Every structure is written in structure tokens, then in C-alpha cells.
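Here's the letter readout for the chains.
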2 protein chains.
Amino acid sequence: MSIAHHRRKQPELVRQQLLEVAARLSLEQGAAGVTLDAVSHAAGVSKGGLLHHFPNKMALLDGLFDDLTGKLDRMIAEEMRNDPVAHGRFTRAYLSCVFALQEDADAQGWQVLTIALLSEPQLRARWRLWVADHADAFVGTDSSAACLLARFAADGLWLADLLKSHDVDPPARQAMRSHLIALSLQ
Amino acid sequence: MSIAHHRRKQPELVRQQLLEVAARLSLEQGAAGVTLDAVSHAAGVSKGGLLHHFPNKMALLDGLFDDLTGKLDRMIAEEMRNDPVAHGRFTRAYLSCVFALQEDADAQGWQVLTIALLSEPQLRARWRLWVADHADAFVGTDSSAACLLARFAADGLWLADLLKSHDVDPPARQAMRSHLIALSLQ
DNA sequence: CATAAGATACCGTCTGGACGGTTTGTCAAG
DNA sequence: CTTGACAAACCGTCCAGACGGTATCTTATG
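These numbers were taken from a predicted model, which means no experiment stands behind them.

So, on to the overall build of chain A. Check the secondary structure of chain A and you find 11 helices and 0 strands. Burial statistics for chain A: of 186 residues in total, 34% are counted as buried.

Quick look at the nonpolar core now. Ranked by size, the top nonpolar core spans 94 residues in total, and within it A:Ala22, A:Ala153, B:Ala22 and B:Ala153 carry the most contacts. If we ignore the near neighbours within four places in the chain, the residues touching B:Ala153 are A:Leu149, A:Phe152, A:Ala153, A:Gly156 and B:Leu180.

On to the UniProt feature "domain: HTH tetR-type" (unreviewed entry) in chain A. UniProt records the feature "domain: HTH tetR-type" (unreviewed entry) for residues 12-72 of chain A in the present numbering. A helix fraction of 79% and a strand fraction of 0% characterise residues 12-72 of chain A, whose end C-alpha atoms lie 20 Å from each other.

Another aspect to go through is the environment of A:Val34. All names here are of chain A. Its location among the elements puts Val34 in the loop between α2 (11-29) and α3 (36-42). Overall, the presence of 23 C-beta atoms within 10 Å leaves Val34 in the buried class. Expressed as a C-alpha distance, the spacing of Val34 and Gly63, which sit 29 residues apart in the sequence, is 14 Å. Non-local contacts of Val34, meaning those with residues more than four positions away in its chain, are made with Ala22, Leu25, Ser26 and Val39.

As a further point, take the domain arrangement of chain A. Residues and elements named next belong to chain A. When its domains are assigned, chain A resolves into domain 1 (1-55) and domain 2 (64-185). Distance from the C-alpha centre of domain 1 to the C-alpha centre of domain 2: 29 Å. Listed per partner, the contact involves 7 residues of domain 1 and 9 residues of domain 2. Its residues placed into classes, the side of domain 1 that touches domain 2 shows 5 nonpolar, 1 polar and 1 charged.

In this assembly, 31 residues from chain A lie in contact with 32 residues from chain B. Secondary-structure elements contributing two or more residues to the side of chain A that touches chain B are α7 (107-119), α8 (121-137), α10 (145-163) and α11 (170-185) of chain A. It is α10(A) that provides the largest number of residues to the side of chain A that touches chain B, a total of 11 residues. Along the lines of polarity and charge, the residues of the side of chain A that touches chain B split into 19 nonpolar, 7 polar and 5 charged.

Residues spaced three or four apart along an α-helix face the same direction, because each turn holds 3.6 residues. For α10(A), with 19 residues, the first-to-last C-alpha span of 27 Å sits near the 27 Å given by 1.5 Å per residue. Following α10(A) by one or two positions, A:Lys164 has its phi on the positive side, about 55°.

Attention shifts here to the relation of the copies chain A and chain B. By a simple turn and slide, chain A fits onto chain B: the slide is 0.1 Å along the axis, the RMSD is 0.2 Å, and the turn is 179°. Both copies of the chain, as the preceding transformation shows, are related through a two-fold rotation axis. Most of the interface of chain A is mirrored in chain B: 100% of its interface residues are interface residues there too.

It is worth spelling out the UniProt feature "DNA-binding region" (unreviewed entry) in chain A at this point. Cross-referencing UniProt, the feature "DNA-binding region" (unreviewed entry) maps to residues 35-54 of chain A in the present numbering. Secondary structure over residues 35-54 of chain A splits into 70% helix and 0% strand, and the C-alpha atoms at its two ends are 13 Å apart.

Quick look at the confidence of the model for chain A now. Summarising the model, chain A shows a mean pLDDT of 87, and 92% of its residues fall at 70 or more. When mean pLDDT is taken per element in chain A, helix α9 (residues 139-142) of chain A scores highest with 95 and helix α1 (residues 3-6) of chain A scores lowest with 51.

Moving on, we get to the packing of helix α5 (residues 57-81) of chain A against α8(A). Packed helix pairs are specified by the crossing angle of their axes together with the interaxial distance, meaning the distance between the axes. All names here are of chain A. In the contact formed by α5 and α8, the axes pass within 11 Å of each other and the chain directions differ by 20°. Between α5 and α8, the angle is such that the two are roughly parallel. Seen from above, α5 lies across α8 with right-handed handedness. The segment α5 lies against α8, with Met58, Leu61, Phe65 and Thr69 engaging Gln122, Leu123, Arg126 and Trp130. Here the residues of the contact of α5 with α8 are counted per class, giving 5 nonpolar, 2 polar and 1 charged.

Moving on, we get to the environment of A:Pro170. Residue and element names in this part refer to chain A. Here Pro170 lies in helix α11. Owing to 9 C-beta atoms within 10 Å, Pro170 belongs among the exposed residues under this scheme. Separated by 127 residues in sequence, Pro170 and Ala43 have C-alpha atoms that sit 34 Å apart.

Attention shifts here to the packing of α5(A) against helix α6 (residues 89-101) of chain A. Residues and elements named next belong to chain A. For the pair α5 and α6, interaxial distance at closest approach is 9 Å and the crossing angle is 125°. In terms of orientation, α5 and α6 fall into the oblique class. Both α5 and α6 take part in a crossing whose hand is right-handed. Seen from α5, the contacting residues are Leu72, Met75, Ile76, Glu79 and Met80; seen from α6, they are Arg89, Phe90, Ala93, Tyr94, Ser96 and Cys97. Among the residues making up the contact of α5 with α6, the classes are represented as 8 nonpolar, 1 polar and 2 charged.

Let us look at the environment of A:Ser46. Residue and element names in this part refer to chain A. Summarising the element assignment, Ser46 is placed in the loop between α3 and α4 (47-53). Overall, the presence of 15 C-beta atoms within 10 Å leaves Ser46 in the partly exposed class. For the pair Ser46 and Leu36, spaced 10 residues apart in the sequence, the C-alpha separation amounts to 9.2 Å.

Rules used throughout
Residue indices follow the written sequence of each chain, beginning from 1 at its first position. All chains are assigned letters beginning with A, and all ligands numbers beginning with 1, in the order in which they are written. Confidence filtering applies because this is a predicted model: local features only for residues at pLDDT of at least 70, side-chain atom pairs given and counted only at 80 or more, and all residues used for totals across whole chains, interfaces and linings. Numbering goes from the N terminus for both helices and strands, where a helix is a DSSP run of H or I of at least four residues and a strand is a run of E of at least two. Put plainly, a residue is buried at 20 or more neighbouring C-beta atoms within 10 Å of its own, exposed at 12 or fewer, and partly exposed in between, counting only other residues' C-beta atoms, which are placed from the backbone. By definition, a nonpolar core groups buried Ala, Val, Leu, Ile, Met, Phe, Trp, Tyr and Cys residues that are joined through C-beta atoms within 7 Å. A pair of residues counts as a contact when their C-beta atoms, built from backbone coordinates, are separated by no more than 7 Å. UniProt positions are given in the numbering used here, feature names are shortened, and annotations may be inferred rather than shown by experiment. For every domain, the bounds stem from an assignment made automatically or drawn from a database. Charged residues are taken to be Asp, Glu, Lys and Arg, nonpolar residues to be Ala, Val, Leu, Ile, Met, Phe, Trp, Tyr, Cys and Pro, and polar residues to be all remaining types, Gly included. In a helix, the anticipated span is given by 1.5 Å times the number of residues less one. All copies are superposed by least squares; the fitting set is the C-alpha atoms of residues with a pLDDT of at least 70 in both. pLDDT is a residue-level measure of predictor confidence that goes from 0 to 100. Each axis is a line fitted through C-alpha atoms, and for a helix only the stretch in contact is used; angles between axes span 0 to 180 degrees, taken between their N-to-C directions. Here is the rule for angles: anything less than 35 degrees is roughly parallel, anything more than 145 is roughly antiparallel, 65 through 115 is roughly perpendicular, and the remaining ranges are oblique. In this scheme the crossing of two helices becomes right-handed for a clockwise turn of the near helix relative to the far one and left-handed for an anticlockwise turn of less than a right angle.

In C-alpha cells form, the structure reads like this:
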């Protein structure tokens, strides 16, 4: 009898909403705040409704993972298309994405994902796979020590942002980025 | 009637054991695996026994935090004492510790701490404090962009080790370290 | 086009188990 | 004999997931 029961059905939108809410909740309340009850309620859907879209909690986290790595892959592909230099091309695209992500609307999603990644061994394994796939794919152009270092530094900055442990002002950020791009070309 | 009741009392040892086990458990089973039941059982102590040493779960995590940051502080101080160059001295000490930590017995502890840090807003705050304190203390010598970058890169490598997402062989590791030390001197 | 017959998208309740924490009791050391 | 170091049973809460139902959508058929 409730609203959602009678409103126009929009499964894809509800699904998206659930993922979005899951990301937001973990930001605000920590990973422990991501409960089926909380997510479904905040998304304006019953728990049964949530479990219809995602048969269990892991599936929800997997959905988040797919969603975000999908976007990341597309962003990276886009960046790589605009880069004429082969050597370090993937690394530079990765850098661009990580630096862009700080102000992006998806930043929240990435943050929850990081937390979930570290917490859930299963998602850790999926991330490992993602990294291995890309390392394989770009072994010819991006396997140098310098490129690896540049990517690690980007990860470190990203981690600092996540923990809000350092405050890096925009000019310093830009300088850092230039430095890392130079590294990727070396 | 049980063993622990009759064995020679050794509270400090039990306390240490509990911290150690908590670290190990989260490594093997993820942060969710760190339950009072699991920790106490694996440490050969009852839950009541655990709660005697740590009045609640947060106190256990706090204990872990104190234990590890204490060790880190001592390691850093030790490294800094042996470094004649003032500029970037803290950064180099930090680098040494992070690189040393990979093979260290405490590595596990640090890994659980990272996970807990990301999961628990309260511990995030404590880490923020630690970073702020050290940034203040060494603002004269280690606040350059190059030093910050070097530390970020070390964090990134550490994260990669935690996630086991990249495999960096020892020579590459060494090269990376040299590079970062050079950065800290620049 | 109408409509029956599924298929899909939900709702709301219930349950079993886990988990953090309390309380009470017991033993041993000083 | 007091106190610290545990044990063991217990409690309230929360949570993942199951289940049975209802409403809307789609499709095929007459």
C-alpha cells in the first residue's frame, strides 16, 4: 500500500539510488553504517526491495565495485585517447583520474569503496585483479619504476585526502601533479 | 577451573597477546573478524578476561593504536638521530620506517590499524592528530613539496603491500627508496 | 485492441544468530 | 583477607536474510 508500491516502477533508477545511498552512508557513518536497513530506508525502499535488486549484501558491494571501476575504466580510456605519447600513457591517465576524483561527485563512492576494499577480503581480491589486468595490458609502456612510483604517490595523496590527514592546497597539488607527469615520461 | 585461571598470572603478557591476536585476526578475516569473542578465544582468554584488560572494544583498538604509534615514534626518533642532514630528516626517517615495516613483525599490526583507521571515524581523528603533530614539529625541515611527495609515495607503496595489489621486487623497492631519499634532500 | 497470463518490482514481517557489554562467581597472589 | 585476574552465563540490540504477499509492467493471444 505504500508509495513505492504505487509509484511508477523504475528499477534502474532505484538500483542506482541504492548504490548512491550506500556510498553516502559509509562516508557519514563509517563502514558500519552500511546496513541493509539503513541503505534501503535512506533510498526510500524497503529492505525486501533492496534484496530484490541485490540478493545479498556482498552483491551490493560488488555492484558498487562494478559501477565505480566501470567509470574509472571509461575515464582512463578517455584520457588515454587524448595522450599522444605512448610511454607512461596509462600512468598519466591514472594520475589524471585520481587527481580529478578529489573534486568529483564520485569521490564519495570511491572513498566508501576503499574502506570496503580494505575491510572485505573478497573485494581486496577483485581490486588485485583489476590492478593485475591493467598492469598486464600496459606492461610495454607503464611498467617502469618511475611510472610505478608516480602511481604510488598518487595513491598516497588519495589516501591522505581520504583520511583528511594532510591539507594540500591547490597550487601544491598542481605542482605535485606536474612532477608526477614528468616522472611518467622519464 | 580452566587453564588460565590456574596458570601463573601474567597480565602484561596477556594484554600483549590480545593486541597481537587482534592484529592477526583482522588480517586473516578482515576488520569484521575482529570481534571480542574471536579475539579473546584466539588469545586463549575468555571474553570477560579481555574486557578486564580493555573495558570496551574501542579501548582495544585504542590500545593497538597507542602500541603501534609508540613504536613508530621510537623508530623514527632512532632514525633521525643517525641522520646528520637536517633538511628532510623526518621524511627520510619516515621512509625508512615504512620500508622497514614491510618485513617487520609489526607489519600485520600496521595493516589492521590501517583498516581500523579507515573504518573507525574516531581512529581516523587520532591519526589526523598524529600527522598534524609531526607536521608541526618538523615544519622547518620537512614541509617542502618534495618531502610531502616522498612521504605520499611511501604511503602508496605501503597501501599496495597491504592490498597485495602490486608485486614490487626487492631491487625495484631499493631503487624506489633511493629515489625518494633523493627527493627528500632536494 | 482487449485481456489473460505470467514476469517483475516491490512491501512488511519474522527469525536466527552474532556481537558488545554486564554481572556474578572463582581462584590465586600478596 | 583483600584485591587483581580471570571465567561463565547471560542480556539487549542489531543485523542479514528468508518468506509470503501485493501491485505494476509486459507480452502474447484471440
